[in-house]
Amino acid sequence: MPSGQRRGRWSGVPLEDRQALRRDELIAAGVRLLGGEAGPALTVRAVCREAGFTERYFYESFGDRDEFVRAVYDDVCTRAMATLIPATTPREAVERFVALMVDDPVRGRVLLLAPEVEPVLTRSGAEWMPRFIDLLQRKLTTITDPVLQNMAATGLIGALTALFTAYLDSRLTASREQFIDYCVAMLLRPAAYSETATNA
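To keep things clear, this report deals only with the structure shown in the data block. (Residues numbered from 1 in each chain as written. Predicted model: local features only at pLDDT ≥ 70, side-chain atom pairs only at ≥ 80, totals over all residues. Heavy atoms only, no water.)

Things to note about the pattern of salt bridges
Counted by the stated rule, this structure contains 14 salt bridges. Residue R123 is joined to E127 by a salt bridge in which the shortest nitrogen-to-oxygen separation is 3.1 Å. Taken together, the residues span about one helical turn, with R123 and E127 both in helix 9 (residues 121-139) at a distance of 4 residues. Here the residues in one salt-bridge network are D75, R79, D104 and R107, joined through shared partners. (Salt bridge = Lys/Arg side-chain N within 4 Å of Asp/Glu carboxyl O. Helix = DSSP H or I, 4+ residues; strand = E, 2+ residues; numbered from the N terminus.)

If you want it as C-alpha cells, here you go:
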C-alpha cells in the first residue's frame, strides 16, 4: 500500500485508537477468510493481504495464527449471543439468528463449519456451547423444572446446530420460510413435552 494511502487511512484517528481499529479490521478479514465458501483459507499472509496491512500490524495484536483464529471465532460467537439475548419469542430468536448466520453465511460458516476443520477451535467450541445452552434454557420460561429446562435446552441446541449446519452446507432444500417455521416449531415443542413428563 502506498505511503499516501497509509497516511490517509488513519488521518484524524488518535494514535491510541489505531491499534484497536487495526485489530477490528484484521478480525473482519479473518471472518471473511475463515468463513469462505470454499472453506478456510486463513494464513497470516492472507489475512494481512485481505486487510491491507503488513505482518507487523498483525503481530502487534496477535501472538500467532492460532490465537487469531480463536479471536475470530470468539468475535462471531459474541455477536451471535448479542443477537439472541434481546429476543422475547422463539420466532424472534430464530429470525434474528437466521438474519445473522444464514443471510450472512460467512459468519454462519465460521460458527458452525470452521470448528470441523480447524483443530484449534475444538476447545473454543466446547467453551461456547454451555453458554448457548444456558441462554436457551433461560428463554424456556414455560418449563418450570430446571432439570427439564436444561435437558430441553441441551437437546435443542444439538438439533438446531445440526439443522443450521445442513442448511448452510446446502444439504437442505427448504425455503427460508420453511426453515424458520420448522425451527420455531422445535422451540415450542419442549413446553408441551415437559408437561407430559412432569405429570407422568
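Having seen it, we continue.
Points about the nonpolar core
Core analysis: the largest hydrophobic core is formed by 64 residues, its most contacted members being F68 and F164. When sequence neighbours within four positions are dropped, the list of residues in contact with F164 reads F97, V98, V102, L112, F179 and C183. (Core = buried A, V, L, I, M, F, W, Y, C linked by side-chain atoms within 4.5 Å. Buried < 20%, exposed > 50% of the residue type's maximum accessible area, 1.4 Å probe, protein only. Contact = heavy atoms within 4.5 Å.)

Section: the layout of surface pockets
By volume, the largest pocket amounts to about 760 Å³. If you trace the largest pocket, you find 34 residues lining it, with L84, F132, L136, I157 and L160 closest to the centre. Those elements that provide at least two residues to the lining of the largest pocket are helix 5 (65-84), helix 6 (90-101), helix 7 (105-112), helix 8 (114-117), helix 9, helix 10 (146-168) and helix 11 (176-199). Counted by class, the lining of the largest pocket contains 25 nonpolar, 7 polar and 2 charged residues. (1 Å grid on protein atoms, 1.4 Å probe; cavity = no way out; pocket = protein on both sides within 12 Å on 5 of 7 lines; lining within 4 Å. Points joined across faces, edges and corners; volume = space filled by probe spheres on them. Nonpolar A, V, L, I, M, F, W, Y, C, P; charged D, E, K, R; others polar.)

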